[in-house]
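Overview (structure and organization)
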Amino acid sequence: MPTVIEQDRTTLRGGHPEARPRISRPLEYTGSLDTYQCQDLTPVIGREYQGLQVAEILHSAERDQLIQDLAVTISTRGVVFLRDQNVTPQQMRDFAERLTQLAGCPESSGLHVHPLTEEGSELGDQISVISSEKQKKGGGLTHQLNDVSRLASAGWHTDISFERVPSDYAMLKIHTLPQTGGDTLWASGYEIYDRLSPEMASFLEGLTATHDASFFHEEARRLGNPLRRSLRGSPLNHGEDLKAVHPVIRTNPVTGWKSVYVNKGFTKRINGVTKDESDVLLQYLFNLLTQNHDAQIRFKWRKNDMAIWDNRSTWHCATYDYAGTRTGDRVCSLGEAPYLDIQSQSRRQALSETQ
Ligand SMILES: O=C(O)CCC(=O)C(=O)O
Ligand SMILES: [Fe+2]
């Protein structure tokens, strides 16, 4: 378990005293995963491992070292892909819990319960079923993509950033796939930060943004489920006001690197500037993310493949280009309340110093 060390608060912006990470310096990779074959899928984001089964790691004698090294790898590479996983939803939950704890999540953070999760759902509150059938019933993004926008890029988001304590990691296993289509894309928030001029970066470092998922009220009505108002994985996440204010640039405590943290799905407003200025700034940041395919990875799923990503420093976007059924299980853990350590480095800066 990582040791608890008080952060030097003078360099920190944002955060919440009840939801601080339990690590005060980045975690180091110890090499325990080196026995597995792996391949980096692009220079900046994504790694695929061969032969790694999360269920086996969960029962291994070196479990904690392997899982902590995997956390460091996910946070460094943004997303990892594990092919053909033989794992139950319960094992996914156990793994996600260990992953977030070993990565230093606050004591008060557990697995997220999504506000749209049905009460008494078969797989338990902490598993979200990602389902094309549910999408059709609820409308959701497919509806948005057909009726409101014809841009597939409208779907870029980072999970649950409307919560005061949002997600550190998410795991998704897709077990039912259409014959073709249904790819998912991820993009690197570290890389987008690195594409800002130093002047723009330091301007944005002084700002916060409001993330708002009020549209889930309408979605809950359409699905016919009441919205979950009780605790959603943290004492700070509750009630029906699905809004939070977070720094525009945040530090990932596991790598110590800065990332842009606004997204098309939930971020409505940059605070402290006029609405017009906010619209221009957000549009520019969204353009950097959606128009830089060299900051993205597009993953083609096969049956039972799993992706685990760091929601603090990546965005993702599903592709609704298929007619058949596509279903999977997702677990999402909660990390710290987002903060910016103004002394932290960018990814490129940190990597150039180690070379
Ligand atoms: O269906 C997908 O590919 C991604 C869905 C998603 O956004 C998630 O699991 O958080
Ligand atoms: Fe998502």
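Per an unreviewed UniProt entry, the chain carries the name TauD/TfdA-like domain-containing protein and comes from Aspergillus cavernicola. What UniProt records for the chain under Cofactor (unreviewed entry) is the sentence "Fe(2+)". Within the UniProt record for the chain, the comment given under Sequence similarities (unreviewed entry) is "Belongs to the TfdA dioxygenase family."

A separate point is the overall build of the chain. Helix and strand counts for the chain stand at 10 helices and 17 strands. In terms of C-alpha radius of gyration, the chain reaches 19 Å, essentially the compact-globule figure of 20 Å for 355 residues. Summarising its shape, the C-alpha atoms of the chain cover approximately 55 × 50 × 40 Å along the three principal directions. Within the span of the chain, comprising 355 residues, buried residues form 57% of the whole. For the chain, the computed accessible surface area is about 15,400 Å², with 49% contributed by carbon and sulfur atoms. Where the 39 positive side-chain charges of the chain centre and where its 45 negative ones centre are 4 Å apart.

Moving on, we get to the site of ligand 1. Near ligand 1 you find I130, H157, D159, L172, T184, W309, H316, A318, R326 and R330, and these make up its full shell. Within the side chain of T184, a nitrogen or oxygen atom sits 2.5 Å from an oxygen atom of ligand 1. At 3.1 Å from an oxygen atom of ligand 1 is found a side-chain nitrogen or oxygen belonging to H316. The fraction of the free accessible surface of ligand 1 (290 Å²) that becomes covered by protein chains is 92%. Of the residues belonging to the shell around ligand 1, the class tally is 4 nonpolar, 3 polar and 3 charged.

Describing an aromatic ring pair means giving the distance of the ring centres and the angle of the ring planes. A complete count under the given rule lists 11 aromatic pairs for this structure. Look at F81 and F299: their rings are 4.0 Å apart centre to centre, the planes differ by 10 degrees, and that puts the pair in the stacked class. A residue pair is termed long-range when its members are at least 10 positions apart, and F81 in strand β4 (residues 79-82) and F299 in strand β13 (residues 296-299) qualify at 218 residues. Look at F299 and W301: their rings are 5.1 Å apart centre to centre, the planes differ by 80 degrees, and that puts the pair in the edge-to-face class. Accessibility classification places F299 together with W301 in one group, the buried group. Chaining the aromatic ring pairs together yields one cluster made of F81, W186, F299, W301 and W309. Lying over the aromatic face of Y261, R250 brings its terminal NZ or CZ to 4.5 Å of the ring centre. Across the ring face of Y169, the terminal group of R312 is positioned such that the distance to the ring centre comes to 5.1 Å.

Attention now moves to the sheet that holds strand β15 (residues 314-318). Strand order in the open sheet formed by 3 strands is β13-β7-β15, and the pairing between neighbours is antiparallel. Only two strands of the sheet have a single partner each, and these edge strands are β13 and β15. Taken pair by pair, the neighbouring strands of this sheet meet at an average axis angle of 20 degrees, ignoring direction. Note: strand β7 (residues 184-188) against β13, 4 bridges, orientation antiparallel. Residue pairing in the sheet places T184 in a bridge with F299 of β13.

For the iron ion (ligand 2), the protein coordination sphere consists of H157 (NE2), D159 (OD) and H316 (NE2), at 2.1 Å. Donor residues for the iron ion (ligand 2), ordered by position in the chain, follow H-x1-D-x156-H. Here H157, found in the loop between α5 (140-148) and β6 (167-176), pairs with H316, found in strand β15; they are 159 residues apart in sequence, far enough to count as distant.

Note on placement: W301 falls in the loop between β13 and β14 (305-310). Measuring from C-alpha to C-alpha, the distance between W301 and P178 comes to 9.9 Å, with 123 residues separating the pair along the chain. Among all residues touching W301, those that are not within four sequence positions of it are R83, L172, I174, L177, G182, D183, T184, W186, M306, A307 and R326.

Turning to its location among the elements, N237 is positioned in the loop between α8 (215-223) and β9 (243-247). On the basis of relative accessible area, N237 is assigned to the buried category, the value being 0%. Once residues lying within four places of it in the same chain are set aside, the contact partners of N237 are E163, R164, V165, S230, L231, R232 and L334.

How each quantity is defined
- Each chain carries its own residue numbering, running from 1 in the direction its sequence is written.
- The order in which chains are written sets their letters, starting at A; the order in which ligands are written sets their numbers, starting at 1.
- Only residues with pLDDT of at least 70 are given local features in this predicted model, and only at 80 or more are side-chain atom pairs given and counted; all residues enter the totals for whole chains, interfaces and linings.
- Excluding hydrogens and water, the side-chain figures rest on all heavy atoms present in the structure.
- UniProt positions are given in the numbering used here, feature names are shortened, and annotations may be inferred rather than shown by experiment.
- The way it works is that DSSP assigns letters per residue, a run of H or I at least four long becomes a helix, a run of E at least two long becomes a strand, and they are numbered from the N terminus.
- Only C-alpha atoms enter the radius of gyration; for comparison, a globular chain is expected to reach 2.2 Å times N to the power 0.38, where N is the number of residues.
- Throughout, exposure labels follow a simple rule: accessible area from a 1.4 Å probe, protein chains only, divided by the maximum for the residue type, with under 20% read as buried, over 50% as exposed, and the rest as partly exposed.
- Computed with the Shrake-Rupley method and a 1.4 Å probe, the accessible areas treat only the protein chains shown as cover for residues.
- Only four residue types enter the tally: Lys and Arg on the positive side, Asp and Glu on the negative side, with His and both chain ends excluded.
- Charge positions come from single atoms, namely NZ of Lys, CZ of Arg, CG of Asp or CD of Glu.
- Residues are classed as near a molecule or strand on a simple rule: at least one heavy atom within 4 Å of it.
- The definition of a polar contact used here is a pair of N or O atoms within 3.5 Å, where within protein one atom must be able to donate a hydrogen and the other to accept one, and adjacent residues in sequence count solely through side-chain atom pairs.
- We call Asp, Glu, Lys and Arg charged. Ala, Val, Leu, Ile, Met, Phe, Trp, Tyr, Cys and Pro are nonpolar, and the rest, Gly among them, are polar.
- Note on ring pairs: Phe, Tyr and Trp rings are taken, using the six-membered ring of Trp, and paired if centres are within 6.5 Å. Classes follow the plane angle, with under 30 degrees stacked, over 60 edge-to-face and the rest tilted.
- By definition, being over a ring means that NZ of Lys or CZ of Arg is both within 6 Å of the ring centre and within 35 degrees of the ring normal.
- DSSP-based pairing: two strands are paired if at least 2 bridges between them are found.
- Axis definition: a line fitted to C-alpha atoms, limited for helices to the stretch in contact. Angles are taken between N-to-C directions and run from 0 to 180 degrees.
- Keep in mind that water is not among the atoms, so a site may look incomplete; donors are the N, O and S atoms within 2.8 Å of the metal, or 3.2 Å for Na, K and Ca.
- Whether two residues are in contact is decided by their heavy atoms, any of which lying within 4.5 Å being enough.

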